[in-house]
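Each chain, written out:
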Amino acid sequence: MRLSLSTTISALLLGRSAHAISKISRSGRYLYDESGSRFFIKGIAYQEQGAVDTSSDNAFLEPSTFIDPLAQSDACTRDLPTLKSLGVNVLRIYSVDSTKNHDGCMKTFSDAGIYTIIDLSLPLNGSIDRTSPSWTTNLLDEYTKTIDAFSGYGNAVLGLQLATKDAVSPAPFVKAAARDIKAYLKSKSIPALVGYAAIDGPSEFRGGMAKFLSCDPSGKNSDDTSIDLNYNIPAYFSEYGCVTQGQSRTWKEVPVLFGDQMTGIWSGGVAFSYFPAASAAGQFGMVTISTDQKTVTTSTDFDNLKSAYAAATGPNSPASGSSSSSFGACPASSAAFAISTTLPGTPSDSGCSCLDSALSCQYRPQTPNFTAITGELINYACSTLLPTKGLNCDAIGGNGTTGVYGAISSCDPNIKLSYLMASTHQACSFSGNGTVNAASTAAASAAASSCIANPGAVSTPSSAPGSSSKASPSGSSGSGSKSGNSAVAVEPFLALGGMAVVGLVSAAATLL
């Protein structure tokens, strides 16, 4: 299945569309439409697969590139009759390009009553890495740009996923990301919930992670740092539909998922996948597209899911307003679940920019494709260069187990590398990737203390440099409009914050 090696965040930005889209609201752990009937997600993953890295350290076969399906209006128009025939009401999108125009696709789907769940992350370096987690300015800026780009659409939802079976160290960074995204949404007057999706894992991991991500460290029943995935928050299957090579899928999960034994907790799910997709679990996909990109041919998998969705309704109970949400105390750190409730501070663009300007040696790569070079140079500095001078890389790192975070751990990797270069007190060359800053004579540590005096500070993020909120396109938004960095208050759609515990699932019973 399409799983990520990293973490994505999810925030609901759904409002009332002027056309077909209905307002969906949350009451406790359940979703309701405007008539007061329960709303269940009948979804499908909708994104063509990008280039797949088949290296040994990519166990989930995570794509290294992506194709933004919501920026291709002709393809959306082509696919709409097929999607309507399937009976879906939600599309899950894994990555989008916030710089592109999405008006055509978003209006096409809105007019058809179809919502979109959009992950905020991007492949490779556009998400919180489970193996070396950090919450940095570049990620915060990327997430807020996507929020700004889609906040004007009445049928957009933004999402967070963590693909790991048992690693807990990324959780404080995910929780910090949720805190800051929630604060950003609130500052924009956008009522929204922030959620999380993960693949299946051992029960002790699932339970501990769910409690940690939804807990309130302050003990005040506040949701300021809580991801909305508690047991009384709506939850859905973010991906389902495992394959057996050579056999068609019969979608036996659907009647179970929409049956009485599941609907007390779950509000539907997202089948994987509309487009062909290869993964470590097998070959997925329910349609093929002709070489001229004009014709859609469906498969037996598609026909079977169509029949299953047509027969799935779910109970119309309990009544709206009959339940509420709460945020309990955080679980204690233990040998089995070693994690700190001390979270990283809010990344500061101004503080990190100040630091970069103040450093005597600055990282200025000679190639536009500098991602791999940055990582290699940081590894070299931390493992070889700094230790020979009695120095270390504590200032740029963070530890979710101990709750200790370096003074500049929230700056982007390029500024971290500039800091390491300036700390070495040697010629500023680094194979031509370093540039002397003649205007600065300050020591790196002094510059960091001056520019980022309180690295653990929590604040409301500002819009990313160069970003502007998406004005509501004509015919696809609710009342009100916005431009620049001002915001329109849209009505909340769904508490899809409960994207808990699932992803790679063979049967619903696995999760109970």
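Parameters at a glance
Residues numbered from 1 in each chain as written. Predicted model: local features only at pLDDT ≥ 70, side-chain atom pairs only at ≥ 80, totals over all residues. Heavy atoms only, no water. Helix = DSSP H or I, 4+ residues; strand = E, 2+ residues; numbered from the N terminus. Contact = heavy atoms within 4.5 Å. Areas by Shrake-Rupley, 256 points an atom, 1.4 Å probe, with all protein chains shown as cover. Axes fitted to C-alpha atoms, helices over the stretch in contact; angles between N-to-C directions. Parallel < 35°, antiparallel > 145°, perpendicular 65-115°, else oblique. Left-handed = near helix turned anticlockwise from the far one by under 90°. Nonpolar A, V, L, I, M, F, W, Y, C, P; charged D, E, K, R; others polar. Disulfide = S-S within 2.5 Å. Buried < 20%, exposed > 50% of the residue type's maximum accessible area, 1.4 Å probe, protein only. Arc of directions from axis to C-beta. Salt bridge = Lys/Arg side-chain N within 4 Å of Asp/Glu carboxyl O. pLDDT = per-residue confidence, 0-100. Pairing = 2+ DSSP bridges. Right-handed = clockwise from strand over helix to strand, strands pointing away.

Enquirer: Looking at this structure, I do not really get the overall build of the chain. What am I missing?
Expert: Scanning the chain for helices and strands turns up 11 helices and 22 strands. Across the chain, contacts joining residues at least 24 apart in sequence account for 80% of those joining residues at least 6 apart. Entry remark: accessible area of the chain is about 19700 Å², with carbon and sulfur atoms responsible for 50%.

Enquirer: How should I be thinking about the packing of helix H1 (residues 73–86) against helix H2 (residues 103–111) in this particular structure?
Expert: Geometry of a packed helix pair, given as the angle between the helix axes and the separation of the axes. Packing of H1 against H2 leaves a shortest axis separation of 8 Å and a crossing angle of 15°. Classified by the angle between their axes, H1 and H2 sit roughly parallel to one another. Like other packed secondary-structure pairs, H1 and H2 cross with a definite hand, here right-handed. On the side of H1, the interface is formed by Ser73, Cys76, Thr77, Leu80 and Leu83, while H2 contributes Gly104, Cys105, Thr108 and Phe109. Residue composition of the contact of H1 with H2, grouped by class: 5 nonpolar, 4 polar and no charged.

Enquirer: What exactly am I supposed to notice about the state of the cysteines here?
Expert: Cysteine pairs can be linked by a disulfide, which is a covalent bond between their two sulfur atoms. Scanning all chains against the criterion turns up 6 disulfides. Disulfide pairing is shown between cysteine 361 and cysteine 428; the S-S distance is 1.9 Å. Judged by the sign of its S-S torsion, about 80°, the cystine formed by cysteine 361 and cysteine 428 is right-handed. Highlighted residues: cysteine 361 in strand E19 (residues 361–363) and cysteine 428 in the loop between helix H10 (413–423) and strand E22 (434–436), separated in sequence by 67 residues. This pair shows no difference in class: cysteine 361 is buried, exactly as cysteine 428 is. A disulfide bridge connects cysteine 382 with cysteine 393, and the sulfur atoms are separated by 1.9 Å. On the sign convention where negative is left-handed, the bridge of cysteine 382 and cysteine 393, at about -105° about the S-S bond, is left-handed. Of the two residues, cysteine 382 is situated in helix H9 (residues 371–385) and cysteine 393 in the loop between H9 and strand E20 (398–399); the sequence distance between them amounts to 11 residues. Its relative accessible area of 26% is what places cysteine 382 among the partly exposed residues. If one numbers only the bonded cysteines of the chain, in the order they occur, the disulfide pattern is 1-2, 3-4, 5-10, 6-12, 7-11, 8-9.

Enquirer: Would you mind showing me how to read helix H8 (residues 349–358) here?
Expert: Each full turn of the α-helix corresponds to 3.6 residues, which orients residues three or four apart in the same direction. When we look at burial in H8, the residues that qualify are Gly351, Cys352, Leu355 and Asp356. Seen along its axis, H8 keeps its buried residues to an arc of 135°; they face one direction. Opposite the buried face of H8, by more than 90 degrees, sit the exposed residues Ser350 and Ser357. Those residues of H8 that are buried lie in contact with helix H3 (137–150), E19, H10 and helix H11 (444–451).

Enquirer: I keep staring at the pattern of salt bridges and nothing clicks. Help me out?
Expert: For side chains of opposite charge, pairing can occur when their charged atoms come near one another. Scanning all chains against the criterion turns up 6 salt bridges. Close ionic contact of arginine 249 with aspartate 301 constitutes a salt bridge, the shortest N to O distance being 2.9 Å. Within this pair, whereas arginine 249 is found in the loop between strand E13 (235–240) and helix H6 (253–257), its partner aspartate 301 is found in helix H7 (residues 300–311), the two being separated by 52 residues in sequence. Accessibility expressed as a relative area gives 5% for arginine 249, which makes it buried. With relative accessibility at 11%, the residue aspartate 301 sits in the buried group.

Enquirer: Help me out: how do you make sense of the confidence of the model for the chain in this one?
Expert: Low-pLDDT stretches of the model should not have their predicted coordinates read in fine detail. Taken over all residues, the pLDDT of the chain has a mean of 80, while the share at 70 or more is 77%. Predicted confidence is poor over residues 1–19, with pLDDT under 50, and the contacts of this stretch with residues over four places away or in other chains come to 134 contacts. Confidence drops under pLDDT 50 across residues 472–512; counting only partners more than four residues distant or on other chains, this segment forms 163 contacts.

Enquirer: Looking at this model, I keep getting lost on the packing of H1 against H7. Mind explaining?
Expert: As a packed pair, H1 and H7 sit with axes 8 Å apart at the nearest point and diverge in direction by 50°. Considering the angle they form, H1 stands oblique to H7. Of the residues in H7, those in contact with Thr82, Ser85 and Leu86 of H1 are Phe302, Leu305, Lys306 and Tyr309. Tallied by class, residues from the contact of H1 with H7 come to 4 nonpolar, 2 polar and 1 charged.

Enquirer: Explain unusual backbone geometry here, please?
Expert: Residues apart from glycine generally show negative phi values, whereas peptide bonds are mostly found in trans. The step from phenylalanine 272 to serine 273 runs through a cis peptide bond, and the omega angle for that step is 5°. With respect to the element layout, serine 273 can be found in the loop between strand E14 (266–271) and strand E15 (277–279). Residue proline 318 is reached from serine 317 by a cis peptide bond, and omega for that bond is 0°. Following the sequence through the fold, proline 318 ends up in the loop between H7 and H8.

Enquirer: So what exactly am I meant to see when it comes to the pairing of strand E7 (residues 115–119) here?
Expert: The two faces of the sheet receive side chains in turn, since in a regular strand these alternate between them. Buried residues dominate E7, accounting for 5 of its 5 residues. Where burial is concerned, the two faces of E7 agree: the one with Tyr115, Ile117 and Asp119 and the one with Thr116 and Ile118 are both buried. Strand direction decides the pairing type here: strand E6 (residues 90–93) and E7, joined by 4 bridges, are parallel. In the sheet register, valine 90 faces E7, and the bridge partner there is tyrosine 115. Note that the unit made of E6, H2 and E7 has a crossover that is right-handed.

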